[in-house]
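Inside the fold
Listed below are the residues making up each chain.
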Amino acid sequence: MIALVHLALVLALDPGKGLGQCAVRGWHASDGLAGDWVRAITQTADGHLWIGTQGGLSRYDGASFRRFDMQTVPEMRIHEVRDLVARKDGSLWIGLSYQEPLVLANGAFRARNDVLPLPGNKRARALSQDRGGVISAVTDAGVFQIDGERATELPRPPARLDYTTAVLRDSRGTTWVGSSVGLYALEKDSKTFVPIGNVKAEIGALHEDRAGRLWVGAGDQLAMYATGSQDSFAPGIGKVAAVMEDREGSLWVGGSAGLARLREGRFQVFHTRDGLSDDDITTLFEDREGSLWVGTRQGGLLQFTDRTLSTAAPHPALAAADINCFAEDGQGALWIGTRSDGAYRWKGGAFDHYGPKEGLASASVHAILPLADGVVWLGGSSAGLFIWRDGTVERSPTPVRKPVQVLLPAKEGGVWIGTTAGLARLAGTEFRLFTEADGIPPADVRALAEDDEGALWVSTVSALYRGEGGRFTRQAPSQHVRSFLRDGDGQLWFTTDRDGLYRWRKRVLTKFEMRLDSEQNEAPYSDALGQILDDGRGHLWLTGRPGILRLPKAGLDAFAEGRQPRFEVASFETTDEGHGVVAKSRQGGALRTADGVLLFATARGLVTIEPERVRTNSLPPPVVIDRIVVDGQVVGPERTDGFPPGSGMLEFHYAGLSLLQPRKNRHRYRLEGFDDRWVEAGNRRAAFYAKVPPGDYRFRVQASNNDGVWNETGASFALVLAPHYYQTRWFMLLGLGALGAAAFGVHRARLGALNRQYMAVFDERARLARELHDTLLQGMTAVWAQLGAIGARLPPGAETAKVELRQAQDLVSQSLQETRDAVADLRERARSEGDLGRALSLLAQRLSSENAASCVVEVAGEVRRLPEEVQSELFGIGREALTNALKHASAKKVTVRLEYQVDSVKLTVGDDGRGFDAQAVAGAGEGHFGMLGLRERAARIDAALTVDSRPGGGTVVSAVWTR
């Protein structure tokens, strides 16, 4: 068993990489932003990212945006947000372009008059916060500094306040005010703002770096002020609008014509060709995990993050080459064999190409083997081997007549040759082809290796063999072995296409299953592994369908020896271009170079990894509970009790706020007092409970970031569900112990209350019964009766007609029952507003209320509206399975799980009931637990239906619909 941990990002942008080598994600108004013109970005203490735009305020949690504008926040009378300041106390200060500022604290928006001791209803021209948490604010009423709840008014600068563009209080206590006509400074304890005479242009940005230097964006110039010195730069990005220093010490400057990074005195400029959606940059921000966030005027919001996997190629011709194999010769030259473009040799900047014009018979090179004497052997799809020597390629005299797949130097001298027709060996001038008489058939050889005893391991398309003394024996596993690795410790590792990883050490074969724990609710993980490398730093690197994987050798040893129950696997799935990684599985398709760089051949060309530069995200994510729904009523996280008696239907919406790769965040939750264990929710951000009895509960949720680092404190919410009075202990005691008139009165009161409840239910049922009775149900009942009457009048001997009439009556009776069920279904679907998960929750609540059973409904993935026919049939399958579990199987607990995946939806209903013989029922036709109806519903929408059950072992019904 393993725990899959995803690693891919460093905690700041690598100063040695350009933006074009970073992963970039972008969002626009169509994705939920309040507008495409982003004016301000910040992150509050709880981990939410806030974005101010010309259309309002948006909050990002890693999965979606929530908008705040005039429609949702009455205090935000004007949409445009100009400044955002996140305070250490968790509050958010919002500067609006045309009205007084707002403060968001404890989930509530408040106007300035309630929280800022400033005169008048004056709009804010600029807001900022210094390192000590003091806020500087320029309003139409003056310049103020707010420390806690105390505001101090400063002298006015010479320029008009409505010309103000920026304000900043530096670490020395000097206050700087930028305007459209210049820059002004007020030193600590001074009473006058002094104009900075050499700055006359409009001030677009003010920033103090960690060294205490002030950076000023003035027009298209960037000025730097330090004690006793001043410098001016021209970044070449138009009018400067934003300046920010990241944690690596790089200074980022955004302007109207691009983005620049200042590092070690040099500017590097980036434009749309480097991943920007718009060259007009308006704001910059670095979040707690090191992502660079860029706001633009027309291109929305961008996030830049580093990737471990780089697609940088040593030569442009290799950027998109279809690579088959790698090798490195004794002179340090890198050899690359391709599928259709021959072979390349790269050394010291020199780039040589060898194809059919240079002597190769084919442009497809499958294997490259450099030898100690400087000769390089080349094998490919054409018959025969080729030799490179001193820049010249010629055919080898070796009598090989089939395409060569793999080449391996023999420990005792010579070369092992694997071809599409079997195994051969060349030692000097002696050539030997192995046959079935040697224990190995003439099959397609795909991989070769020698172990520490000198035995040869051979993988063919159908089997695995080990040879000693020229005799071969078949070995386990029987699956196709894709690649071998003999590491520095003498261990032989090999990967398989379906059965994970194996290790051969001291004649002991150990299997490492690459399969996830089913309780982790992770996405499906393939066991198909390809290439394998040892990085020399204690890790193995493997290629697989999910990407490129890293395994700790110490963890594998501990797992094999029983010292730990699992081992971790780091998954790298995305390149610096944002593409997914599909690595090739041919032996030789990966290489560790002499300087420790790992090379992998993928479907998108060359991918490189520098193991020493791989850094993990060690920050546990903040965890928040955003919304709680109790019996259909949305309540705030601050409310903990006072919930009236109800049906016990609960919803909790939560999030782990790591923004690096949010889709890799994982969650687990538990309702203490109800759940007996943690529920592994994967990336799902909601928990649903039905029919929770009255009592005291605490909902707890924990989350991990993209690297598997958990916040085990998490977030919690305590609640008390009040019982109905007839469920309380005192009522039962009074009911049992009361005597005389008091007991009789209480009893009468209770009967009266129950009678009123029953009468209300009765009236509603009666109304529906009357409507049905007067229309469809009455007509169908009449048909049923008429069929019975006709059957009774048939003369003796008309047995066939009587049987057919009884069958017709049965069909009408069945239709009557289905019509009654449809009425209940329509009510539940109407209340769900098209949400299948909500509809199933209501259905589960209704059905479980009629039985002494607990029913939990879980919804995973991104909820979306399904086609009407699909939703209807999946709902019908869920209803049939729930009915079987609760009414026929005598189940005590039923779990309904609805999983929204990228191109499919999976509905699973599991119970702990008495079960049945699924194979027997499958062949018994209709009439058994509604199996025929389930199959018909699934067939109508082309869904895959499975039913897993055994007597006494419960039942699991699963339906998967794929678009």
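Because the structure is a prediction, the values reported are computed rather than measured.

Some points on the sheet that holds strand 13 (residues 142-147)
As summarised here, the arrangement of the 4 strands in space is 11-12-13-14, forming an open sheet in which the pairing is antiparallel. This sheet does not close on itself; its edge strands, each paired only once, are strand 11 (124-129) and strand 14 (150-154). Neighbour-to-neighbour, the strand axes of this sheet turn through a mean angle of 20 degrees, independent of strand direction. In the sheet, strand 13 pairs with strand 14 via 5 bridges, with the strands oriented antiparallel. Note that in strand 14 the partner of F144 across the bridge is E153.

As for the packing of aromatic side chains
Here the structure, examined in full by the defined rule, presents 35 aromatic pairs. Judged by centre distance (5.6 Å) and plane angle (35 degrees), the ring pair of W50 and F68 falls under tilted. Separated by 18 residues along the polypeptide, W50 in strand 4 (residues 49-53) and F68 in strand 6 (residues 65-68) bring together distant segments of the chain. Arranged with centres 5.9 Å apart and planes meeting at 70 degrees, the rings of F233 and F267 form a pair that is edge-to-face. A residue pair is termed long-range when its members are at least 10 positions apart, and F233 in strand 22 (residues 229-233) and F267 in strand 26 (residues 266-270) qualify at 34 residues. Judged by relative accessible area, which is 26%, F267 ranks as partly exposed. An aromatic cluster of three or more residues is present, and its members are F652, Y654, Y669, F674, Y689, F699 and F717. When the ring centre of W416 is taken as origin, the NZ or CZ atom of R425, which lies over that ring, is 5.0 Å away. The lysine or arginine in question, R668, covers the ring of W710, its NZ or CZ lying 3.8 Å from the ring centre.

With respect to the pairing of strand 13
On any regular strand, side chains alternate: one points to one face of the sheet, the next to the other face. Among the 6 residues in strand 13, 5 count as buried, and that is most of the element. With 5 bridges connecting them, strand 12 (residues 135-139) and strand 13 associate as antiparallel partners. Note that in strand 13 the partner of A137 across the bridge is F144. Between the antiparallel neighbours strand 12 and strand 13 lie 2 residues. Where strand 13 folds back on strand 14, the antiparallel hairpin that results is connected by 2 residues, among which G148 adopts a positive phi of roughly 70 degrees.

A few points about the side chain of D209
Here D209 lies in the loop between strand 19 (203-208) and strand 20 (214-218). Owing to a relative accessible area of 1%, D209 belongs among the buried residues under this scheme. A distance of 2.8 Å separates the side chain of D209 from the side chain of R213, its partner in a polar contact. Among residues more than four places away in sequence, those in contact with D209 are R131, W215 and E245.

Digging into the side chain of H366
Mapped onto the elements, H366 comes out in strand 34 (residues 365-370). Its relative accessible area of 11% is what places H366 among the buried residues. A polar contact of 3.1 Å, which involves the side chain of H366, links it to the side chain of S364. Residue contacts for H366: discarding those within four places in its chain leaves N324, C325, G379, G380, S381, V404, Q405 and R586.

Topic: unusual backbone geometry
The linkage connecting A476 with the following residue, P477, adopts the cis geometry, with an omega of 5 degrees. Tracing the backbone through its elements, the reader meets P477 in the loop between strand 45 (471-475) and strand 46 (481-486). Located in the positive-phi region is D631, a residue other than glycine, with phi close to 50 degrees. With respect to the element layout, D631 can be found in the loop between strand 57 (623-630) and strand 58 (633-635).

Examining the pattern of salt bridges
For the structure on display, the rule yields 35 salt bridges. E453 is the salt-bridge partner of R466, the closest N and O atoms lying 3.0 Å from each other. Taken together, the residues span a long stretch of sequence, with R466 in strand 44 (residues 464-468) and E453 in the loop between strand 42 (445-450) and strand 43 (456-460) at a distance of 13 residues. A residue is classified by how much of its surface remains accessible, and R466, at 6% relative accessible area, is buried. Since its relative accessible area comes to 41%, E453 is described here as partly exposed. Between R684 and E858 there is a salt bridge; the shortest N-O distance is 3.8 Å. Placement of R684 in the loop between strand 61 (679-682) and strand 62 (686-689) and of E858 in strand 65 (residues 854-860) is noted, with a sequence separation of 174 residues between them. The class of R684 is buried, set by a relative accessible area of 2%.

The rules we used
- Residues numbered from 1 in each chain as written.
- Predicted model: local features only at pLDDT ≥ 70, side-chain atom pairs only at ≥ 80, totals over all residues.
- Heavy atoms only, no water.
- Pairing = 2+ DSSP bridges.
- Helix = DSSP H or I, 4+ residues; strand = E, 2+ residues; numbered from the N terminus.
- Axes fitted to C-alpha atoms, helices over the stretch in contact; angles between N-to-C directions.
- Phe/Tyr/Trp six-rings, centres within 6.5 Å; stacked < 30°, edge-to-face > 60°.
- Buried < 20%, exposed > 50% of the residue type's maximum accessible area, 1.4 Å probe, protein only.
- Lys NZ or Arg CZ within 6 Å of the ring centre and 35° of its normal.
- Polar contact = N/O pair within 3.5 Å; in protein donor to acceptor, adjacent residues only side chain to side chain.
- Contact = heavy atoms within 4.5 Å.
- Salt bridge = Lys/Arg side-chain N within 4 Å of Asp/Glu carboxyl O.

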